[in-house]
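Here are the chains, one letter per residue:
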Amino acid sequence: MVEPAVIGTKNVIVAAAEAKVRRVVFTSSIGAVTMDPNRGPDTVVDESCWSDLEFCKNTNAVAELVAWDEAKERGVDLVVVNPVLVTGPLLQPTLNASIIHILKYLNGSAKTYANSVQAYVDVKDVALAHILVYETPSASGRYLCAESVLHRGDVVEILAKFFPKYPVPTKCKDETKPRAKPYKFSNRKLKDLGLGLEFTTVKQSLYETVKSLQDKGHLPIPTQQQDHESIIRIQS
């Protein structure tokens, strides 16, 4: 996986330089930011943070470093967006890894949830972030694209509230250890960029994720769901 990602990234930067492209926006990942065993719990994760390469051997981290090196060497104006786990409506008919992360809590394949945390962002916000960093002349460097960090227990609670007819797990896989705490992060740099960006809440994004899974036939629609959704909207 690493080799084609690195070679492909290098080829794109080279081609951009030869074509005199004005700016290249590289889609990296939170995997290039947070995976560091030496990061303390009170450290705020932002664009200055890098994953420990020896610890994670992460494709995106290696590819992003190659992108920066190649862009510097060839004089390409490179800007990077680092999204976290992406949720929201599916554009394609097939499933991807991020959506499977949500689907497993709804179709009965996951009987428990992990004692871990995950950062989330809506796909529409990721798309807008790319447009902003491309079109704003002052944009530079990296931009962390995240709305919130939730424990998996919080995620299943949200899903169960909106869609109680699905077999959403209620037990943690590892209840012997203390509940993992969400890490701190800053998305201020992206919010302050040009027109700014108001992130879709994770609750809204998860709701739209499930509705999209239903619309595309990946989830059966339980009976009486519409009545429950009407009650939720009235109570909100």
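Calculation rules
- Residues numbered from 1 in each chain as written.
- Predicted model: local features only at pLDDT ≥ 70, side-chain atom pairs only at ≥ 80, totals over all residues.
- Heavy atoms only, no water.
- Helix = DSSP H or I, 4+ residues; strand = E, 2+ residues; numbered from the N terminus.
- Areas by Shrake-Rupley, 256 points an atom, 1.4 Å probe, with all protein chains shown as cover.
- Core = buried A, V, L, I, M, F, W, Y, C linked by side-chain atoms within 4.5 Å.
- Buried < 20%, exposed > 50% of the residue type's maximum accessible area, 1.4 Å probe, protein only.
- Contact = heavy atoms within 4.5 Å.
- Pairing = 2+ DSSP bridges.
- Axes fitted to C-alpha atoms, helices over the stretch in contact; angles between N-to-C directions.
- Phe/Tyr/Trp six-rings, centres within 6.5 Å; stacked < 30°, edge-to-face > 60°.
- Lys NZ or Arg CZ within 6 Å of the ring centre and 35° of its normal.
- 1 Å grid on protein atoms, 1.4 Å probe; cavity = no way out; pocket = protein on both sides within 12 Å on 5 of 7 lines; lining within 4 Å.
- Points joined across faces, edges and corners; volume = space filled by probe spheres on them.
- Nonpolar A, V, L, I, M, F, W, Y, C, P; charged D, E, K, R; others polar.
- Parallel < 35°, antiparallel > 145°, perpendicular 65-115°, else oblique.
- Left-handed = near helix turned anticlockwise from the far one by under 90°.

## Considering the overall build of the protein chain
What the protein chain contains, in helices and strands, is nine helices and six strands. Put simply, the protein chain shows about 12600 Å² of open surface, and 55% of that area lies on carbon and sulfur atoms.

## Observations regarding the nonpolar core
Counting residues in each nonpolar core, the largest one holds 26 residues, and the members touching the most others are Leu106 and Leu159. For this core, the elements supplying multiple residues, two or more each, are α4 (97-103), α6 (152-162) and α8 (202-215). With near-sequence residues (within four places) excluded, Leu159 lies in contact with Ile102, Tyr105, Leu106, Pro164, Val168, Leu206 and Val210. With 24 residues, the next largest nonpolar core counts Cys49, Val79, Val126 and Leu132 among its residues.

## What about the sheet that holds strand β6 (residues 148-151)?
Read across the sheet, three strands follow the order β3-β4-β6 without closing on themselves; strand pairing throughout is mixed. Edge positions in the sheet fall to β3 (85-87) and β6, since each of these pairs with one other strand and no more. On average, each strand axis in the sheet is tilted by 45° relative to the strand beside it, whichever way the strands run. Sheet topology places strand β4 (residues 117-122) next to β6; four bridges connect them, and they run antiparallel. Looking at β6, one finds that Val117 is bridged to His151. Helix-sheet contacts for α6 involve β4 and β6, and the interaxial angle to β6 is about 90°.

## Structural notes on the packing of aromatic side chains
All chains considered together, the criterion is met by four aromatic pairs. Note on Phe162 and Phe163: the rings are 6.4 Å apart at their centroids and 65° apart in plane angle, and the pair reads as edge-to-face. One exposure class covers both Phe162 and Phe163, and it is buried. Note on Phe163 and Tyr166: the rings are 6.3 Å apart at their centroids and 50° apart in plane angle, and the pair reads as tilted. Each member of the pair Phe163 and Tyr166 is classed as buried. Members of the aromatic cluster, joined through ring pairs, are Phe162, Phe163, Tyr166 and Tyr207. Positioned over the ring face of Tyr134 is Arg22, at 5.1 Å from the centre of the ring. Sitting over the ring of Tyr143, Lys189 keeps its end group 4.3 Å from the ring centre.

## Topic: the layout of surface pockets
A probe as big as a water molecule, rolled over the atoms, marks out the empty space that is left. Of the pockets and cavities examined, the largest pocket occupies roughly 410 Å³. Ser29, Ile30, Val84, Leu85 and Gln118 are the residues nearest the centre of the largest pocket, which is lined by 20 residues in total. Class assignment for the residues of the lining of the largest pocket results in eleven nonpolar, nine polar and no charged. Counted as a void, the second largest pocket has a volume near 290 Å³. In terms of lining, the second largest pocket is formed by Arg39, Gly40, Pro41, Asp42, Val117, Ala180, Lys181, Pro182, Tyr183 and Lys184. Counted by class, the lining of the second largest pocket contains five nonpolar, one polar and four charged residues.

## Points about the sheet that holds strand β1 (residues 24-27)
Read from one edge of the open sheet, three strands run β1-β2-β5, paired in parallel fashion. The open sheet has two edge strands, β1 and β5 (141-145), and neither has a second partner. Across the sheet, the axes of successive neighbouring strands diverge by a mean angle of 20°, strand direction being ignored. Here β1 runs beside strand β2 (residues 78-83); their pairing, made up of four bridges, is parallel. Residue pairing across strands places Val25 opposite Val79, the latter belonging to β2.

## Section: the packing of α6 against α8
Each pair of packed helices gets described by two things: the angle between the helix axes and the distance between those axes. For the pair α6 and α8, interaxial distance at closest approach is 10 Å and the crossing angle is 60°. It follows that α6 is oblique to α8 by the angle criterion. Crossing hand, α6 versus α8: right-handed. Across the interface between the two elements, Val155, Ile158, Leu159 and Phe162 from α6 touch Val202, Lys203, Leu206, Tyr207 and Val210 from α8. Residues of the contact of α6 with α8, tallied by class, amount to eight nonpolar, no polar and one charged.

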